[in-house]
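# Results of the structural survey
The chain contents come next:
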Amino acid sequence: MAETTLLATWQGEHFIDGRWLCGGELFENMNPARYREVLGLYPRGAGREADAAVAAARKAFAAWRRTSRLKRGELFLRLAGLIQRDCDTLATVLARESGKVLNEARAEVIEGLHMVEYVFGTARQPTGQVVESEIEAKDLYVRRKPRGVVAVITPWNFPFAVPLWMLGPSLLEGNTAVFKPSEETPEIGQRLVRLFEEAGFPPGTVNLLHGLGEEAGDALARHPDVDVICFTGSFEVGQHIRRLCAESDRKTCACEMGSKSAVIVCEDARLELALSATLLSAFKTTGQRCVSAGRVLVHRRLLEPFARELVARARQLKFGDPFDPASFAGPLINQAAVDKVQFYNKLAVQEGAQVLLAGGRAEEGELAEGYFMRPMIYLQEHGADKRTIREEVFGPHLAIIPFDDDAQAISIYNDTPYGLSMAVITEDYRRWRLYRDECEYGMGYVNLPCIGAEVHLPFGGVKRSGNGQPSAAALVDSVTHRTAFTVNHELGITMAQGMSAATPGHAGRRDA
Ligand code: UN1
């Protein structure tokens, strides 16, 4: 970048084994709304720091896993109080470095808070099962055990809530963690770790490793002493992590990756509801949620009024300063994101789309200083050879795709490599049931946008969107293993399945 101004003085530090550490090469945290503004400097951790952080987590695991689950849970109650105390500051930091509008940044802090409250609330809930045996004198138990050291590698688009979806269940279950926040949003990650420290989590239970994905993130993913990788990000990186896990002798992962989510507007849809659901799904967060809709499938009978009104309303959306209450959404995160959206905007035209709203870079006044873009909306028939209606764009880029009946809508919806989120707009209970059962997704909605999940649900997808290990409430399955434990209460041994238990000197019994 040519000229830069150092506006703020955020100073990044790693947090390893309860100590804040700096040193070595630094990277800059830039403001996406004013791309010449450096918000802070952070250490560029890699192999050496990853080793230290993993070693600290491994050391802390021994005592942490033996600490009462209830005591571990109580620390989350304290953490919740601290997040409530700092909510406004956290929202401001989040909006500044991610470009998310303040109201949404606040909603994300609240989403993180909800996860922490949920984790506290579940601490006293039963976690195992007592199971009957075919032998009367035996008791069987299913008990969850922590897996060990969890690497938490998270994206910039949800830099507060998503880390908590992963850190919360991991720590409650007795794992320890190394958290690598996105290099685009290191400050909010660091603030979160400071609150974990203040809440009293013991040294080494939560470690913070700053750095670039291909350096610090990769070092963690390859580390032989990491047991689980919790990752949210692109399909390519998720695939790399899955490969590393397949080659390792014990590592597992929970990956949440890309999407080409959609809103489906049925023949009987209420137009107002369909329009609002589409605008929110496609353009909130500037289209940068993993669940953002890149497609709206519209019954041909509604196509003309829907498209006309959608475009009229999209023109009125303000993409501007994250701190201006009139802004609907802010900038894209960086130049690479702008380039990607521009590439797909152009490709849509090459693929014969009928452009209804041109989109492109917004450059008037102060917008020229940030990564601001306007929404693009186009009409496109579904077809096997069209990339823009199948590939993830991660920006304000929306295809309107007509359909003639429910069966066709379902087959269009499913005809992408992804399966994350789906919203169907209909008044007909038979119809939404059909979409519920036939569409491939992780999160389904009726008469709502396809964004806005709550934390006490599983969050994940199918096909290229996930590896069947959802996050948030469902992460517990990825960060624990279920052990079977059997106790005999009689003096002799009776085997199950009718097997003889006779050994020299003992007749044994085989009367089960
Ligand atoms: C994401 O899409 O990157 O469901 C996370 C939602 C939010 C989380 C989104 N609760 O829209």
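All figures in this text were calculated on a predicted structure; none of them were measured in a lab.

Criteria and cut-off values
- In this numbering scheme, every chain counts its residues from 1 along its sequence in written order.
- Totals for whole chains, interfaces and linings use every residue, but because this is a predicted model, local features are given only for residues with pLDDT of at least 70 and side-chain atom pairs only at 80 or more, for both listing and counting.
- With hydrogens and water stripped out, all remaining heavy atoms of the structure feed into the side-chain values.
- Take the buried residues of types Ala, Val, Leu, Ile, Met, Phe, Trp, Tyr and Cys, join any two whose side-chain atoms come within 4.5 Å, and each joined set is a nonpolar core.
- Only protein chains enter the accessibility calculation, which uses a 1.4 Å probe. A residue is then buried if its area is under 20% of the maximum for its type, exposed if over 50%, and partly exposed in between.
- Helix and strand assignments come from DSSP, with helices taken as H or I runs of at least 4 residues and strands as E runs of at least 2, each series counted from the N terminus.
- The source of the domain bounds is an automatic or database domain assignment.
- It only takes one pair of heavy atoms within 4.5 Å for two residues to be counted as in contact.
- In summary, the pairing rule links any two rings of Phe, Tyr or Trp, Trp by its six-membered ring, whose centres are within 6.5 Å, and it sorts them by plane angle into stacked for under 30 degrees, edge-to-face for over 60 and tilted for everything else.
- Charge-over-ring contacts are defined here by two conditions on Lys NZ or Arg CZ: a distance within 6 Å of the ring centre and an angle within 35 degrees of the ring normal.
- Under the rule applied, a polar contact is a pair of N or O atoms within 3.5 Å (in protein, one hydrogen donor and one hydrogen acceptor; residues adjacent in sequence only if both atoms are side-chain atoms).
- Paired strands are those between which DSSP finds at least two bridges.
- Each axis is a line fitted through C-alpha atoms, taken for helices only over the stretch in contact, and angles between the N-to-C directions span 0 to 180 degrees.
- Two joining distances apply to patches: 9 Å for like charges and 5 Å for nonpolar side chains (Val, Leu, Ile, Met, Phe, Trp, Tyr), and every residue must have over 30% relative accessible area and no salt bridge.
- Here, Shrake-Rupley sampling with a 1.4 Å probe gives the accessible areas, and only protein chains in the shown set may cover a residue.
- Salt bridge criterion: a side-chain nitrogen from Lys or Arg within 4 Å of a carboxyl oxygen from Asp or Glu.
- Two parts lose some accessible area (1.4 Å probe) when they are put together, and adding that loss for both gives the buried area.
- We score Asp and Glu as negative and Lys and Arg as positive, and we do not count His or the chain ends.
- Note that the charge is assigned to NZ on lysines, CZ on arginines, CG on aspartates and CD on glutamates.
- Each residue after the first adds 1.5 Å to the expected span of a helix.
- Arc, as used here, means the arc of the directions from the helix axis to the C-beta atoms.
- Look down the strands so they point away from you; if going from the first strand over the helix to the second traces a clockwise path, that crossover is right-handed.

Our next topic: the nonpolar core. Residues Ile-83, Phe-196, Val-265 and Phe-283 are the most contacted members of the largest nonpolar core, which totals 96 residues. Of all the elements, helix α2 (residues 69-98) adds the most residues to this core, at 12 residues. There are two domains that each give this core at least three residues, and those are domain 1 (44-126 + 145-257 + 468-473) and domain 2 (261-463). In contact with Phe-283, not counting residues within four places along its chain, are Ala-314, Leu-317, Phe-319, Phe-328, Ala-329, Pro-375, Met-376, Ile-377, Pro-396, His-397 and Leu-398.

Turning our eyes to something else, we now look at the packing of aromatic side chains. Counted by the stated rule, this structure contains 12 aromatic pairs. When the ring of Trp-156 is compared with that of Phe-394, the centres are 5.8 Å apart and the planes differ by 85 degrees; the resulting orientation is edge-to-face. Of this pair, Trp-156 sits in the loop between β8 (149-153) and α4 (161-172) while Phe-394 is found in the loop between β18 (376-379) and β19 (397-403), placing the two residues 238 residues apart along the sequence. Between the aromatic rings of Phe-283 and Phe-319, the centroid separation amounts to 6.5 Å while the plane-to-plane angle is 80 degrees, which identifies the pairing as edge-to-face. Here Phe-283, found in helix α8 (residues 271-283), pairs with Phe-319, found in the loop between α9 (303-316) and α10 (335-350); they are 36 residues apart in sequence, far enough to count as distant. For the pair shown, Phe-283 and Phe-319 are each scored as buried. In textbook terms, an aromatic cluster arises when at least three aromatic residues are bridged by ring pairs, as seen for Trp-64, Phe-76, Phe-196 and Phe-201. Geometry around Phe-61 places Arg-65 over its ring, the cationic atom sitting 5.9 Å from the centre. Geometry around Trp-64 places Arg-72 over its ring, the cationic atom sitting 5.9 Å from the centre.

What follows concerns the side chain of Arg-390. Here Arg-390 shows up in the loop between β18 and β19. In this structure the side chain of Arg-390 is engaged in a polar contact, spanning 3.0 Å, whose partner is the backbone oxygen of Ala-384. One polar contact links Arg-390 to Asp-415, side chain to side chain, over a distance of 2.9 Å. Beyond its immediate sequence surroundings of up to four residues, Arg-390 is in contact with Lys-260, His-382, Gly-383, Ala-384, Asp-415, Thr-416, Pro-417 and Tyr-418.

A few words on the sheet that holds strand β26 (residues 480-488). Taken in spatial order, the three strands make up an open sheet running β6-β7-β26, and their pairing is antiparallel. Looking along the sheet, the strands with just one partner apiece sit at the ends: β6 (129-132) and β26. Taken over all neighbouring pairs, the strand axes of this sheet differ in orientation by 25 degrees on average, direction set aside. As judged from the four bridges shared by β6 and strand β7 (residues 138-146), these two strands associate in the antiparallel manner. Within the sheet, the bridge partner assigned to Val-130 lies in β7 and is Tyr-141.

This paragraph deals with a nonpolar patch on the surface. Taken together, the side chains of Tyr-429, Trp-432 and Val-446 present a nonpolar region at the surface, about 290 Å² in accessible area. As for its placement among the helices and strands, Trp-432 is situated in helix α12 (residues 429-438). The class of Trp-432 is partly exposed, set by a relative accessible area of 31%.

Next up on the list: the domain arrangement of the chain. Looking at the assigned domains, one finds that the chain contains domain 1 (44-126 + 145-257 + 468-473) and domain 2 (261-463). Computed from C-alpha atoms alone, the centre-to-centre distance between domain 1 and domain 2 is 29 Å. With 27 residues of domain 1 at the interface, the matching set in domain 2 holds 25 residues. Considering only the side of domain 1, the residues that lose the most area to domain 2 are Val-101, Glu-104 and Trp-156, jointly responsible for 24% of the buried surface there. At the boundary of domain 1 with domain 2, the tally comes to one salt bridge. Between Glu-104 and Arg-289 there is a salt bridge, and its shortest N-O distance comes to 2.9 Å. Run the count over domain 1 and domain 2 and you get seven residue pairs in polar contact (both at pLDDT 80 or more).

Turning our eyes to something else, we now look at unusual backbone geometry. One non-glycine residue with positive phi stands out, namely Thr-285, at about 60 degrees. Checked against the element boundaries, Thr-285 lands in the loop between α8 and β14 (293-299). On the basis of relative accessibility, which here comes to 7%, the residue Thr-285 falls in the buried class. In the Ramachandran plot, Thr-286 falls in the positive-phi region, its phi being about 55 degrees despite a non-glycine side chain. Along the chain, the position of Thr-286 falls in the loop between α8 and β14. By relative accessible area, Thr-286 is classed as buried at 1%.

Let's shift gears to a positive patch on the surface. A cluster of like positive charges, contributed by Arg-65, Arg-66, Arg-143 and Lys-145, occupies part of the molecular surface. With respect to the element layout, Lys-145 can be found in strand β7. By relative accessible area, Lys-145 is classed as partly exposed at 38%.

Counted at 1.5 Å a residue, the expected span for α9 with its 14 residues is 20 Å, and the 20 Å between its end C-alpha atoms agrees. Buried residues of α9: Leu-303, Phe-306, Ala-307, Leu-310, Val-311 and Ala-314, and no others. Buried positions in α9, seen along its axis, are confined to an arc of 120 degrees and lie on one side of it. Summarising the geometry of α9, the exposed residues directed more than 90 degrees from the buried face are Arg-308, Arg-315 and Gln-316. If you follow the buried residues of α9, they end up packed against β13 (261-265), α8, β14, β15 (354-357), β18 and β19.

By the criterion of burial, strand β11 (residues 228-232) is predominantly enclosed, with five of the five residues buried. Where burial is concerned, the two faces of β11 agree: the one with Val-228, Cys-230 and Thr-232 and the one with Ile-229 and Phe-231 are both buried. Here four bridges tie β8 to β11, and the two strands are oriented parallel to one another. Bridged to Ala-151 within β11 is Ile-229. Strand direction decides the pairing type here: β11 and strand β12 (residues 252-256), joined by five bridges, are parallel. Across the sheet, Cys-230 pairs through a bridge with Ala-254, a residue of β12. Once the chain exits β11 it traverses helix α7 (residues 235-247) before rejoining the sheet at β12, and the crossover so formed is right-handed.

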